[in-house]
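These are the residues of each chain, in order.
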Amino acid sequence: MSASLCGTWDMVSNVNFEGYMVALGLHSELELKLMSISRQSGISPCLRKTAIKLKLKKVIEEQGGVCRIKTLSVFRNYTTSFTVGHQFEEVTRGLDNQCLKSTVTWDGDRLVCEQIGQKKNRGWAHWIEDDKLHLELYCDGQVCKQVFKKKGLKD
Ligand code: YOG
């Protein structure tokens, strides 16, 4: 883990989070009934409405070769731990509740995660630009772009 990604970061912008969440699996109430799928497996419009208002915080740490990324909010938290280059089982509990085969690697200065599961072209990429932490979350053609500033620093 590049030392520069480590730290506590506060969200300053969030573009197309809605599109990303829809791509993760929105179905209307009627569709859910027809498919007999519990609301748990997608992200309901109500949940998306809550999620989009959140100011997220990232806490990125590395210890003994294991990297941990915490995504924190007043509503819900999500943590993932991994070793770069080693595939792991990721369960997106509290998000879209999927079981993924995830692999994080370095692509130049970008820390890139490929998430293999039911959705095509799912993953994320982190990098530093202008002292800010950048994140692209992508799924099935949708890209959400988030930017974070180091905690305590001005914009
Ligand atoms: O981060 O994969 O930093 O894991 C994306 C949420 C909202 C719940 C957050 C809770 C996707 C309802 C994780 C938000 C939307 C909406 C706070 C992003 C799903 C459900 C947890 C992520 C990576 C890269 C590390």
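Rules used in this analysis
Residues numbered from 1 in each chain as written. Predicted model: local features only at pLDDT ≥ 70, side-chain atom pairs only at ≥ 80, totals over all residues. Heavy atoms only, no water. Helix = DSSP H or I, 4+ residues; strand = E, 2+ residues; numbered from the N terminus. Buried < 20%, exposed > 50% of the residue type's maximum accessible area, 1.4 Å probe, protein only. Contact = heavy atoms within 4.5 Å. Areas by Shrake-Rupley, 256 points an atom, 1.4 Å probe, with all protein chains shown as cover. Near = heavy atom within 4 Å. Polar contact = N/O pair within 3.5 Å; in protein donor to acceptor, adjacent residues only side chain to side chain. 1 Å grid on protein atoms, 1.4 Å probe; cavity = no way out; pocket = protein on both sides within 12 Å on 5 of 7 lines; lining within 4 Å. Sits in = over half its atoms within 2 Å of the grid points. Nonpolar A, V, L, I, M, F, W, Y, C, P; charged D, E, K, R; others polar. Points joined across faces, edges and corners; volume = space filled by probe spheres on them. Phe/Tyr/Trp six-rings, centres within 6.5 Å; stacked < 30°, edge-to-face > 60°.

**Re the overall build of the protein**
Line of reasoning, step 1. Each helix and strand in the protein was counted, giving 3 helices and 10 strands.
Line of reasoning, step 2. Written out in order from the N terminus, the α and β elements of the protein read β-α-α-α-β-β-β-β-β-β-β-β-β.
Line of reasoning, step 3. Within the span of the protein, comprising 155 residues, buried residues form 39% of the whole.
Line of reasoning, step 4. Contacts in the protein between residues far apart in sequence, at least 24 positions, make up 41% of those at least 6 positions apart.
Line of reasoning, step 5. Total accessible area on the protein is roughly 8,900 Å²; 52% of this is exposed by carbon and sulfur atoms.

**As for the site of the ligand**
Line of reasoning, step 1. Lining the immediate environment of the ligand, one finds 20 residues, of which Ile-43, Lys-58, Tyr-78, Thr-80 and His-126 sit closest.
Line of reasoning, step 2. Contact between the ligand and His-126: an oxygen atom at 2.7 Å from a side-chain N or O atom of the residue.
Line of reasoning, step 3. The protein chains hide 98% of the 630 Å² of surface that the ligand would expose on its own.
Line of reasoning, step 4. Under a 2 Å grid-point criterion requiring more than half of the atoms, the pocket assigned to the ligand is the largest cavity.
Line of reasoning, step 5. Elements that contribute at least two residues to the shell around the ligand include exactly α1 (17-25), α3 (45-52), β3 (66-72), β4 (78-82), β8 (123-129) and β9 (132-139).
Line of reasoning, step 6. Residues that form the shell around the ligand fall into these classes: 13 nonpolar, 5 polar and 2 charged.

**Regarding unusual backbone geometry**
Line of reasoning, step 1. Positive phi, normally seen in glycine, also occurs at Asn-16, with a value near 65 degrees.
Line of reasoning, step 2. Secondary-structure assignment places Asn-16 in the loop between β1 (7-15) and α1.

**So, empty space enclosed by the protein**
Line of reasoning, step 1. Counted under the stated rule, the structure contains 2 cavities of 30 Å³ or more.
Line of reasoning, step 2. Its volume calculated, the largest cavity comes out at about 580 Å³.
Line of reasoning, step 3. Along the wall of the largest cavity there are 30 residues; nearest its centre are Phe-17, Tyr-20, Thr-71, Tyr-78 and Leu-95.
Line of reasoning, step 4. Looking at the lining of the largest cavity, the elements that each hand over two or more residues are α1, α3, β3, β4, β8 and β9.
Line of reasoning, step 5. The biggest single contributor to the lining of the largest cavity is α1, with 4 residues.
Line of reasoning, step 6. Residue composition of the lining of the largest cavity, by class: 16 nonpolar, 9 polar and 5 charged.

**Comments concerning the packing of aromatic side chains**
Line of reasoning, step 1. Using the criterion set out here, one finds 2 aromatic pairs in the structure.
Line of reasoning, step 2. Their ring planes at 20 degrees and their centres at 5.9 Å tell us that Phe-82 and Phe-88 sit as a pair that is stacked.
Line of reasoning, step 3. Measuring from ring centre to ring centre gives 6.4 Å for Phe-82 and Trp-124, while their planes differ by 55 degrees; the resulting arrangement is tilted. Taken together, the positions of Phe-82 in strand β4 and Trp-124 in strand β8 put the pair 42 residues apart, joining distant regions of the chain. Here Phe-82 and Trp-124 have matching classes, each one buried.

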